[in-house]
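Examination of the molecular architecture
Here is what each chain is made of, one letter per residue.
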Amino acid sequence: MNGTSVWAGGKYELVGERLTPIHEQLVARLEPRVGERWLDVATGTGAIAIRAARAGAEVVGVDIAPELLERARASAHPLPIRWDEGDAEELPYEDAAFDVVASCFGVIFAPDDEAAGRELARVCRPGGRLGLTAWRASSELDAVYEAAAGGREGAGRDPVHWGDDAHVHRLLGDAFELELEPGVWRLSFDSPEHMWDWWSTVVPPFVALLEGLTSELREAAREQLVALAERRRTNGRVELTRDYVLVLGRRR
Ligand SMILES: C[S@@+](CC[C@H](N)C(=O)[O-])C[C@H]1O[C@@H](n2cnc3c(N)ncnc32)[C@H](O)[C@@H]1O
């Protein structure tokens, strides 16, 4: 399955809703200004692009999945945002074309992180601003994905190498003055079963991973996720946290 169809599956909007505090944080920290040229890389359903456009920036949202771009276009109407299909590893823009380059849990999915890092730098003008978010490694979630993958190394799991500070400095430090800030994503569920139902029907890469699995592997994944949820029970609810890093940069 290619990247496009993975992200078209599940219900990405419902993940996006729960990411709202991080979307707000990223856009606020990038301080959008009227008339600035803004690129949202791996825009998905357009959460960052739409917020920047509302603040008056001239926004382009780019993503590899045309299905998500269609949803972004529909929810952005009538904001004048340009939506382009494109790969973060080979952005279809001129050098220094943007004042601001943002990517919320987006560019981290490009398999060639060095190419993606070079592209972020190439399209950002000198003095321009970069803002992205990246997941830190999570051994708890790894156990769930490993159970479902049944030995297929790394299958379905979110990439976490951009969540390693030293790696981010290696990828972007020559081109940007960087500032890295830790953050925590908070997710609340009614019960472990609620968390399983949500994760297994909503989160696109996990939905894709579960497709076609044997009932044994599916059950193994469910058991791991329910066990994780049980460990996170507080006051009758499941309170999950997931660490991420906010990367802010100024183009040298
Ligand atoms: C977790 S979603 C984030 C979407 C959005 N930035 C947000 O914050 O809601 C990841 C997005 O990355 C996109 N994506 C994955 N690989 C990509 C690539 N190589 N180039 C561009 N977009 C990519 C997916 O299509 C998906 O929309």
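It should be noted that the structure appears before, not after, this text.
To start, this report covers the structure provided alongside it. Just so it is clear, the model here is predicted, and its values are computed rather than measured.

On to helix 6 (residues 113-123), then. Most of helix 6 sits out of view: 8 of its 11 residues are buried. Contact partners of the buried residues in helix 6: strand 1 (37-41), strand 4 (98-104), strand 5 (124-135), helix 8 (165-172), strand 6 (176-189) and strand 8 (237-251).

Now for the side chain of His23. Within the element layout of this structure, His23 appears in helix 3 (residues 20-30). Ignoring any residue separated from it by four or fewer positions in sequence, one finds His23 in contact with Gly16, Ala47, Ile48, Arg51 and Cys104.

Attention now goes to the site of the ligand. Residues in close proximity to the ligand total 17 residues, the closest being Tyr12, His23, Ala42, Asp63 and Ala88. At 3.0 Å, a side-chain N or O of Asp87 approaches a nitrogen atom of the ligand. Within the backbone of Ala88, a nitrogen or oxygen atom sits 2.9 Å from a nitrogen atom of the ligand. Taken together, the residues that form the shell around the ligand break down as 11 nonpolar, 4 polar and 2 charged.

With that settled, the discussion passes to the pattern of salt bridges. Here the structure, examined in full by the defined rule, presents 22 salt bridges. Among the salt bridges present, the one from Arg51 reaches Glu24, with a minimum N-O distance of 3.4 Å. With Arg51 in helix 4 (residues 47-54) and Glu24 in helix 3, the pair connects residues that are 27 residues apart, well separated along the chain. The exposure class of Glu24 is partly exposed, given its relative accessible area of 43%. Across the salt bridge formed by Arg122 and Glu119, the nearest N and O atoms sit 2.7 Å from each other.

Here the focus is the pairing of strand 3 (residues 82-85). Pairing analysis gives 4 bridges linking strand 2 (residues 58-63) to strand 3, with the strands arranged parallel. Bridge assignment links Val60 to a residue of strand 3, and that residue is Arg82. The parallel pair strand 2 and strand 3 is bridged by helix 5 (residues 66-76), and the resulting crossover is right-handed.

Attention now moves to the nonpolar core. Grouped together as the largest cluster of nonpolar side chains are 89 residues, with contacts concentrated most on Trp38, Leu39, Trp162, Leu172, Trp199 and Phe206. Per-element tally for this core: the top contributor is strand 8, with 7 residues. Each residue touching Trp199, except ones within four places of it in the same chain, is listed here: Leu141, Tyr145, Leu187, Phe189, Phe206, Val207, Leu225 and Leu240.

What follows covers the packing of helix 9 (residues 192-202) against helix 11 (residues 215-231). One can describe the packing of helix 9 onto helix 11 by two numbers: an axis separation of 9 Å at closest approach and a directional angle of 130 degrees. By the angle between their axes, helix 9 is oblique relative to helix 11. Judged by the twist between their axes, the crossing of helix 9 over helix 11 is right-handed. Counting all contacts with helix 9, which are made through Pro192, Glu193, Met195, Trp196, Trp199 and Ser200, the residues of helix 11 involved are Arg218, Ala221, Arg222, Leu225, Val226, Leu228, Ala229 and Glu230. Taken together, the residues of the contact of helix 9 with helix 11 sort by class into 9 nonpolar, 1 polar and 4 charged.

The rules behind these values
- Residues numbered from 1 in each chain as written.
- Predicted model: local features only at pLDDT ≥ 70, side-chain atom pairs only at ≥ 80, totals over all residues.
- Heavy atoms only, no water.
- Buried < 20%, exposed > 50% of the residue type's maximum accessible area, 1.4 Å probe, protein only.
- Helix = DSSP H or I, 4+ residues; strand = E, 2+ residues; numbered from the N terminus.
- Contact = heavy atoms within 4.5 Å.
- Near = heavy atom within 4 Å.
- Polar contact = N/O pair within 3.5 Å; in protein donor to acceptor, adjacent residues only side chain to side chain.
- Nonpolar A, V, L, I, M, F, W, Y, C, P; charged D, E, K, R; others polar.
- Salt bridge = Lys/Arg side-chain N within 4 Å of Asp/Glu carboxyl O.
- Pairing = 2+ DSSP bridges.
- Right-handed = clockwise from strand over helix to strand, strands pointing away.
- Core = buried A, V, L, I, M, F, W, Y, C linked by side-chain atoms within 4.5 Å.
- Axes fitted to C-alpha atoms, helices over the stretch in contact; angles between N-to-C directions.
- Parallel < 35°, antiparallel > 145°, perpendicular 65-115°, else oblique.
- Left-handed = near helix turned anticlockwise from the far one by under 90°.

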